[in-house]
Amino acid sequence: MSIPELKISGLRVAVDHKEILRGVDLAVRGGEIHAVMGPNGTGKSTLASTLMGHPKYEVTAGEASLDGEDLFAMGVDERALKGLFLAMQYPSEVSGVSNANFMRIALNARRGEGNEVPVLKFHRELKEKMKSLSIDETFAERYLNEGFSGGEKKRNEILQMTVLRPRIAILDEIDSGLDIDALRIVADGVNGLRGPEFGALIITHYQRLLEYIHPDFVHVMMQGRIVRSGGRELVEQLEARGYDWLKEELGIADETVGAGA
Amino acid sequence: MSVVQDVSTFAGSVRDCFTDAGDSQSLVQDRVDAAVRSEALPVPKYERSDLARRNLAAYSVAGPERAGDWRALAEPFIGADDGHPLLVIADGHVVLTRGLEGLSGQGVVFTSLRGAVREHADLTRSLGTVVPSDDRLLALNAALWRDGAFVFVPKGVRMERPLQLVHVTTTAGHGTFPRNLIVAEADSQVTFLDAYASAGDLPDELCVAVTEVTVGRGARVKAGTVQDFSRSVTSVAVRRAAVDAAGEMDWVTGETGDGFGIVEFGSELDGEGGRSSAHAIAIGTGRAHLDLTARMVHAGRHTTSDISARGVMQDRANAVYRGLTVIKKDAHDANGSQTEKLLMLSPKSRAVAIPMLLIDENDVKCGHAASVGQINPDQLFYLMSRGVSERAAKRMIVWGFIDPVLAELPIDAVRTAMEKVVERKLA
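Model, not experiment: these values are computed from the prediction. (Residues numbered from 1 in each chain as written. Chains lettered and ligands numbered in written order. Predicted model: local features only at pLDDT ≥ 70, side-chain atom pairs only at ≥ 80, totals over all residues.)

With that settled, consider the overall build of chain B. Across its full length, chain B holds eight helices and 19 strands. Scaling as 2.2 N^0.38, a compact globule of 427 residues should have a C-alpha radius of gyration of about 22 Å, and chain B matches this with 21 Å. For chain B, the C-alpha atoms occupy an extent of roughly 80 × 50 × 45 Å along the three principal directions. Counting the 427 residues in chain B, one finds 55% classified as buried. Once local pairs closer than 6 in sequence are excluded, the contacts in chain B between residues at least 24 apart make up 80%. (Helix = DSSP H or I, 4+ residues; strand = E, 2+ residues; numbered from the N terminus. Rg over C-alpha atoms; globule rule 2.2 N^0.38 Å. Buried ≥ 20, exposed ≤ 12 C-beta atoms within 10 Å, placed from the backbone. Contact = placed C-beta atoms within 7 Å.)

To continue, consider the overall build of chain A. Per the secondary structure count, chain A includes eight helices and 12 strands. In terms of C-alpha radius of gyration, chain A reaches 18 Å, essentially the compact-globule figure of 18 Å for 261 residues. Across its three principal axes, chain A shows a C-alpha extent of roughly 60 × 40 × 35 Å. Among the 261 residues that make up chain A, the fraction classed as buried is 43%. Counted over contacts in chain A with a minimum sequence separation of 6, partners at least 24 positions apart contribute 72%.

A few words now on the packing of helix 1 (residues 9–20) of chain B against helix 2 (residues 25–40) of chain B. Residues and elements named next belong to chain B. Orientation of helix 1 relative to helix 2, taken along the N-to-C sense of each, is 155°, at an axis distance of 9 Å. Relative to helix 2, the element helix 1 lies roughly antiparallel. Both helix 1 and helix 2 take part in a crossing whose hand is right-handed. When helix 1 is examined against helix 2, the residues Phe10, Ala11, Val14, Arg15, Phe18 and Thr19 are found in contact with a partner set consisting of Val28, Arg31, Val32, Ala35, Val36 and Glu39. (Axes fitted to C-alpha atoms, helices over the stretch in contact; angles between N-to-C directions. Parallel < 35°, antiparallel > 145°, perpendicular 65-115°, else oblique. Left-handed = near helix turned anticlockwise from the far one by under 90°.)

A word on the sheet that holds strand 17 (residues 334–344) of chain B. Strand pairing in a sheet takes place through backbone hydrogen bonds and is either antiparallel or parallel in direction. All names here are of chain B. Spatially, the 10 strands line up as an open sheet ordered 2-1-5-7-9-11-13-15-17-19, and their pairing is mixed. A strand with exactly one partner marks an edge of an open sheet, and here the two such strands are strand 2 (93–98) and strand 19 (364–374). Going from strand to strand, the sheet's axes swing by 10° on average, the running direction of each strand aside. As defined by bridge partners, strand 11 (residues 248–255) adjoins strand 13 (residues 275–284) across eight bridges and the pair is classed as parallel. Note on strand 13: the bridge partner recorded for Gly254 is Ile281. Strands strand 1 (86–90), strand 5 (163–169), strand 7 (189–198) and strand 9 (220–228) of the sheet are contacted by helix 3 (residues 71–78), whose axis makes an angle of about 155° with strand 5. (Pairing = 2+ DSSP bridges.)

What follows deals with the interface of chain A and chain B. Contacts between chain A and chain B engage 21 residues on the former and 19 residues on the latter. Put simply, the parts of the chain that give the side of chain A that touches chain B at least two residues each are helix 2 (76–81), strand 7 (94–98), helix 3 (99–111) and helix 5 (150–164) of chain A. Class assignment of the residues belonging to the side of chain A that touches chain B gives a composition of 14 nonpolar, five polar and two charged. (Nonpolar A, V, L, I, M, F, W, Y, C, P; charged D, E, K, R; others polar.)

Ranked by internal contacts, the top residues of the largest apolar core, which has 202 residues, are Val151 and Val221 of chain B. The contacts of Val151 of chain B, once residues within four sequence positions are left out, are Phe110, Leu163, Ile182, Val183, Val190 and Phe192 of chain B. (Core = buried A, V, L, I, M, F, W, Y, C linked by C-beta atoms within 7 Å.)

Residues and elements named next belong to chain A. Their axes nearest at 10 Å, the elements helix 5 and helix 6 (residues 180–193) cross at an angle of 10°. The angle between helix 5 and helix 6 places the two elements in the roughly parallel class. Between helix 5 and helix 6, the contacting residues are Gly151, Lys154, Arg155, Ile158, Met161 and Thr162 on the first element and Ala182, Ile185, Val186, Gly189, Gly192 and Leu193 on the second. Taken together, the residues that form the contact of helix 5 with helix 6 break down as six nonpolar, four polar and two charged.

Residue and element names in this part refer to chain B. Taken together, nine strands build an open sheet; the order of strands is 3-4-6-8-10-12-14-16-18 and the sheet is mixed. Only two strands of the sheet have a single neighbouring strand rather than two, namely strand 3 (109–112) and strand 18 (350–359). Strand after strand, the sheet turns through a mean of 5° between neighbouring axes, direction not considered. The sheet contact formed by strand 14 (residues 289–298) and strand 16 (residues 318–327) spans 10 bridges and is parallel. Bridge pairing links Thr293 to Arg322 in strand 16.

Quick look at helix 3 of chain A now. Residues three or four positions apart in an α-helix share a direction because the helix packs 3.6 residues into each turn. All names here are of chain A. Given a rise of 1.5 Å per residue, 13 residues ought to cover 18 Å, and the 18 Å separating the end C-alpha atoms of helix 3 matches this to within 8%. Here helix 3 has its buried residues at Asn99, Ala100, Phe102, Met103, Ala106, Leu107 and Arg110. All buried residues of helix 3 fall inside an arc of 160° around its axis, so they share one side. Against the buried residues of helix 3 lie helix 2, strand 7, helix 4 (119–132), strand 8 (143–144) and helix 5. Looking one or two places after helix 3, you find Gly112, whose phi comes out positive at around 90°. (Expected span 1.5 Å × (residues − 1). Arc of directions from axis to C-beta.)

All right, on to the pairing of strand 11 of chain B then. Residue and element names in this part refer to chain B. Taken across its eight residues, strand 11 has eight buried, putting it largely inside the fold. Residues Glu248, Asp250, Val252 and Gly254 line one face of strand 11 and the alternating positions Met249, Trp251, Thr253 and Glu255 line the opposite face, and both faces are buried. Bridge count for strand 9 against strand 11 is eight bridges, and the pairing is parallel. Looking at strand 11, one finds that Lys222 is bridged to Asp250.

Scope: geometric values only; no functional claims are made or implied.
Shown next as structure tokens:
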């Protein structure tokens, strides 16, 4: 397998004719963990949903590619089949399909016809993965996310990620609403996938998650743009001084999208 | 000695036809009375479902002389022989029975209604009392019913295996008039399952179907119906139960026809502490028009009812769902709840949900919820983001929507048949 690469350049995105992203450039390669940080309302989640292809987000300019192929020319399912994954902030509940069956269907779609995973093998491996993520076995047979608590849904997202083994994973505020134990479990799940064939884009506005998943690159978003990139030391700076010093340095009064436009 | 009667040509031909067919004199008289009434009574009115625009003359007094080729139509609903008693009626004739004889040891009767009226006159007295002939089409059924199932379960007998009727129409122009009567005596228990289907290429056909159930004190009846009529069929089905004290009546209905269908089903909770549920699911395709009313009437104290109806409309299909909970005066502590949920899969499909609560008593609990909508784009996005195609994702969502009701169908083979029909309709 080749080293995956997600490349974004000059990306502009609007929702209901309002521009949210105003020129984003970013490249995530296999073996790299990128963190995108920033206060609320600066466009982080818009970036995540746009890359996966949520119909609400309209790409008005710029491009993105996965392994050299035009991402925006692909449907949502095609992007997933090419190895893109989005762990969502608010995963949907879908009744009628069990968690385990859904994951098996998704995995088989990824593996392609004729290369389906044997059922027993799938369930054995799923059981192990659930155990390592401290997810109760009964969740396998429950309807997809139905009646799961916020924290259970987040862990279920990570479970799906470890089952599907994407090439590039985007984690959209996977840490919100998680206690410290759950945070560590989620981090273990991500760290377990680290390697040259896996790249990740972790969106968060807390530094806490990054104590457990050490990013190679850190980006700060404000006003729908990446305003500062650096290494792990940037996290420490933000930890110590908050976002205000950066706003001051950049001459930004209001960091949210639309302000100062 | 014959009594000379001045009746219309229609009633006269009803008399001649069913006398020739061997019905008892009293049954023939009931038919003639109903025929006379049918000519005087108005066509039932359903708001949003205009029966006057349909061909209500697509029937004849005499039914088909013999059954047509019924196997291909009936077999999907029969499934493998798991030993449950079975009655198959095609074009008004009993064409197959299975496992009916073994029932008599417990005093249970499961037979054709026509035969039962002849042989068990004492047991069929409630015929026509639960669903009276109070409009033209119900009276037409009372005059012309060709056959159907009769179920009698004596006091205290609990039937474990379900009893099944499969009813098919292979030729058009005669009209399809099934009629069923289920009598469950005190503390008995029975599950009855009926399926109706018609050949796909029929010209206009009128179908009026009636099911009457009497649920004795402390008895429990479960009735599951599947209807899959073709495009040119106009069908009106009325299914009602009279539930005595502490009796329980559970209705399940699945409608997958392409034609114009009206279904009214539910219970009259007359005795204290009676309970009834009504689950419905409809899949509308093509230009199907489905008008479904679940109706619960609380007359007794401490009675409980629960209506849960779901529908999925695609193409240019049109659905009207009504939930009607009636609580009469002095029905203290009655509790009625209802939910109607409809999913529209295409821009040209139409659906409306009309919850109705008619309450004449203060000491009651009533709840209702109704929704009509399209597939949630966030759900679709979520499923597709895992690599599932749009088509497969939509099917998952639709299955999830109807599965809770489908799971209520009491015979595996019928549930499987229903699933296959749904699968085909959603393809």
